[in-house]
Amino acid sequence: MTIRILVAAGALTLAGSLAAPANAQETFHGYDCTDDCSGHEAGYDWAARNDITDERDCDGDSRSFNEGCQAYVEEQADDAGRNSQSDDESDSEDSDE
């Protein structure tokens, strides 16, 4: 009888954990955070203050700090790509005149 109760309790615990949302863990620009995202935020802010443009410069002792730095570099590269693409589109529109 006691074994059945323990098995049932274990099954309910397992079912409850499976029902929890898969994205319960917080992320920062696609990187998984641990307790909070403060390390990622610090790395991102540091990269922004120092105008970091190369991921190789994101080589500190903290994984979360480095990932925050990398997120900044990736965002800047994405922004530059979008700006370049819109400039190309503007140039082609100007040549039609």
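Residues numbered from 1 in each chain as written. Predicted model: local features only at pLDDT ≥ 70, side-chain atom pairs only at ≥ 80, totals over all residues. Heavy atoms only, no water.

Focus: the packing of aromatic side chains
Applying the stated criterion across every chain yields a total of three aromatic pairs. Considering the side-chain rings of Phe28 and Tyr44, the 5.7 Å spacing of their centres and the 80° angle between planes classify their relative orientation as edge-to-face. Here Phe28 is found in strand S1 (residues 27-28), whereas its partner Tyr44 is found in helix H2 (residues 38-49), with 16 residues between them in sequence. Accessibility assignment for this pair places Phe28 and Tyr44 in one class, buried. Both rings, one in Tyr44 and one in Tyr72, keep their centres 5.3 Å apart while their planes meet at 85°; by these two values the pair is edge-to-face. (Phe/Tyr/Trp six-rings, centres within 6.5 Å; stacked < 30°, edge-to-face > 60°. Helix = DSSP H or I, 4+ residues; strand = E, 2+ residues; numbered from the N terminus. Buried < 20%, exposed > 50% of the residue type's maximum accessible area, 1.4 Å probe, protein only.)

What to know about the pattern of salt bridges
One pass over the full model with this rule turns up three salt bridges. Of the charged contacts in the structure, one is a salt bridge between Asp54 and Arg56, with a shortest N-O distance of 2.6 Å. With a relative accessible area of 24%, Asp54 lands in the partly exposed category. A salt bridge links Glu67 to Arg63; the shortest N-O distance between them is 3.0 Å. Here Arg63 and Glu67 lie together in helix H3 (residues 63-95), a separation of four residues that amounts to about one turn. Classification of Glu67 as buried rests on a relative accessible area of 11%. The class for Arg63 is exposed, based on a relative accessible area of 67%. (Salt bridge = Lys/Arg side-chain N within 4 Å of Asp/Glu carboxyl O.)

Notes on the nonpolar core
Within the largest apolar cluster, 12 residues are counted, these being Phe28, Tyr31, Cys33, Cys37, Tyr44, Ala47, Ile52, Cys58, Cys69, Ala71, Tyr72 and Val73. The set of elements that each furnish at least two residues to this core consists of H2 and H3. Broken down by element, the residue count for this core peaks at four residues, all from H3. If we skip the residues at most four places from it in the chain, Ala71 touches Phe28, His29, Tyr31 and Tyr44. (Core = buried A, V, L, I, M, F, W, Y, C linked by side-chain atoms within 4.5 Å. Contact = heavy atoms within 4.5 Å.)

What to know about the state of the cysteines
For the structure shown, the criterion picks out two disulfides. Disulfide partner of Cys33: Cys37, at an S-S distance of 1.9 Å. Measuring the twist about the S-S bond at about 105°, one finds the Cys33-Cys37 disulfide to be right-handed. We classify Cys37 as buried; its relative accessible area is 4%. In this model Cys58 forms its disulfide with Cys69; the gap between the sulfur atoms is 2.0 Å. Judged by the sign of its S-S torsion, about -65°, the bond between Cys58 and Cys69 is left-handed. (Disulfide = S-S within 2.5 Å.)

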